[in-house]
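Residue-level structural notes
Residues per chain are reported as follows:
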Amino acid sequence: MIEVLATNDPVKLSFAQAVLKEAGIEAVTLDEQTSSTFGGALPWIKRRILVREDDGPRAKSLLAEALKGDGET
């Protein structure tokens with residue numbers, strides 16, 4: 001598994017999950033419970049999206065395009 005996004009922004013997380021799902025890329029989200037325990041107030045505990053290693057380059061490209069100008073990808 002390879003990390004393609006780490007964020008505390010729940011809207012961005014949901015959007016990224018939708019982009020990957022629409023592209024047929026299976027994704028796993030980690031650290032949702034840990035991050036939400038403090039309401040996302042701890043910037044060093046981010047929710048992370050991971051995909052299979054062979055889907056990594058395509059997933060990163062899709063997210064870079066979808067989140068263009070965001071600066072957090």
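Description of the structure in this document. (Residues numbered from 1 in each chain as written. Predicted model: local features only at pLDDT ≥ 70, side-chain atom pairs only at ≥ 80, totals over all residues. Heavy atoms only, no water.)

1. Some points on the environment of Leu-67
Checked against the element boundaries, Leu-67 lands in the segment after helix H3 (56-66). Taking the C-alpha atoms as reference points, Leu-67 and Ala-16, separated by 51 residues in sequence, lie 8.2 Å from one another. (Helix = DSSP H or I, 4+ residues; strand = E, 2+ residues; numbered from the N terminus.)

2. Points about the sheet that holds strand S1 (residues 2-7)
An order of S1-S3-S2 is seen for the three strands of this open sheet, with the pairing classed as antiparallel. Looking at which strands have only one partner, the edges of the open sheet turn out to be S1 and strand S2 (27-30). Direction aside, neighbouring strands of the sheet carry axes that sit 25° apart on average. Of the strand pairs in this sheet, S1 and strand S3 (residues 47-51) are connected by five bridges, and their pairing is antiparallel. Of the residues in S3, the one forming a bridge with Ala-6 is Arg-48. Most of the contacts of helix H1 (residues 10-22) go to S3, to which it runs at about 10°, and overall it touches S1, S2 and S3. Sitting on the sheet, H3 is in contact with S1 and S3, with an inclination near 25° to S1. (Pairing = 2+ DSSP bridges. Axes fitted to C-alpha atoms, helices over the stretch in contact; angles between N-to-C directions. Contact = heavy atoms within 4.5 Å.)

3. Concerning the pairing of S3
Taken across its five residues, S3 has four buried, putting it largely inside the fold. Pairing of S2 with S3, which is carried by four bridges, proceeds in the antiparallel orientation. In the sheet register, Val-28 faces S3, and the bridge partner there is Leu-50. (Buried < 20%, exposed > 50% of the residue type's maximum accessible area, 1.4 Å probe, protein only.)

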